[in-house]
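Listed here are the chains, written in short residue letters.
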Amino acid sequence: MRASLLSVPRRHRVHAAKALVAAVVAFVAGTTFAVVGAAVAWVGFDGRASFAAGPSLRQVLAVGLYEALVAVLSVGVAFATRHPAGALSILVTLLWALPSILLGLGGPTLADLNDQLPHGAGDHFMRPAAETPYGPVTGVLIVAAWAATAHLIGLYVLRRRDA
């Protein structure tokens, strides 16, 4: 980090560049893994399922977009905490533990709360055929709002701490 800030003293550029690189890498990896997963599923279903090109392409791109937004969220959290264990703890809680607890406890209120978390919203826009409380565009916007919030908090902490 020190070398990055010495070579590019404008904090927002360093932060944006790191988030952009993480988003691009995550998008490429996410779409690649989604294509591989669809190919494996196609072979595994042995003609008993339909893999139409349009919906499959949409789902592959949705997985890539979700991965890119989670990468931006992760960069923001990492900049805010400045400690790997802290960032990992926050991300595991937000993306895995909290949704598991909310859905495990059950109830419509907790399910509605889960729908506002990145995992729940991402699930709703990656699986368009499922019954969802809102459309895929709203799901993308919810995950993007989480990513933007984490990005802005990380940028604020970077400017304050490394001034």
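Whatever comes next refers back to the structure up there.
Overview of the pattern of salt bridges
Pairing between side chains of opposite charge can happen when their charged atoms approach one another. Evaluation of the coordinates by the stated rule reveals 1 salt bridge. A salt bridge links Asp123 to Arg127, with the shortest nitrogen-to-oxygen separation between them at 3.0 Å. Under the relative-accessibility criterion, Asp123 is labelled partly exposed at 26%.

Here we look at the nonpolar core
Formed by 28 residues in total, the largest nonpolar core has its most connected members in Tyr66, Leu73, Leu95, Phe125 and Val143. Of all the elements in the fold, those that place two or more residues in this core are helix 2 (11-45), helix 3 (53-81), helix 4 (84-105), helix 6 (118-126) and helix 7 (136-161). In terms of residues, this core owes the most to one element, helix 3, which gives 10 residues. With near-sequence residues (within four places) excluded, Tyr66 lies in contact with Leu95, Pro118, His119, Gly122, Phe125, Met126 and Val143.

Examining the environment of Arg48
Looking at the element boundaries, Arg48 is found in the loop between helix 2 and helix 3. Residues Arg48 and Ala80 lie 32 residues apart in sequence; the distance between their C-alpha atoms is 48 Å.

Points about the side chain of Thr31
Checked against the element boundaries, Thr31 lands in helix 2. Judged by relative accessible area, which is 14%, Thr31 ranks as buried. Excluding residues within four positions of it along the chain, Thr31 makes contact with Val60, Leu61 and Gly64.

With respect to the packing of aromatic side chains
Evaluated as defined, the whole model comprises 1 aromatic pair. Between Tyr66 and Phe125, the aromatic rings sit 6.3 Å apart at their centres with planes inclined by 65 degrees, giving edge-to-face as the arrangement. Here the residue Tyr66 occupies a position in helix 3, and Phe125 occupies one in helix 6, the gap between them amounting to 59 residues. For Tyr66, a relative accessible area of 9% puts it in the buried group. Residue classification places Phe125 among the buried residues on the basis of a relative accessible area of 2%.

What counts and how
- Residues numbered from 1 in each chain as written.
- Predicted model: local features only at pLDDT ≥ 70, side-chain atom pairs only at ≥ 80, totals over all residues.
- Heavy atoms only, no water.
- Salt bridge = Lys/Arg side-chain N within 4 Å of Asp/Glu carboxyl O.
- Buried < 20%, exposed > 50% of the residue type's maximum accessible area, 1.4 Å probe, protein only.
- Core = buried A, V, L, I, M, F, W, Y, C linked by side-chain atoms within 4.5 Å.
- Helix = DSSP H or I, 4+ residues; strand = E, 2+ residues; numbered from the N terminus.
- Contact = heavy atoms within 4.5 Å.
- Phe/Tyr/Trp six-rings, centres within 6.5 Å; stacked < 30°, edge-to-face > 60°.

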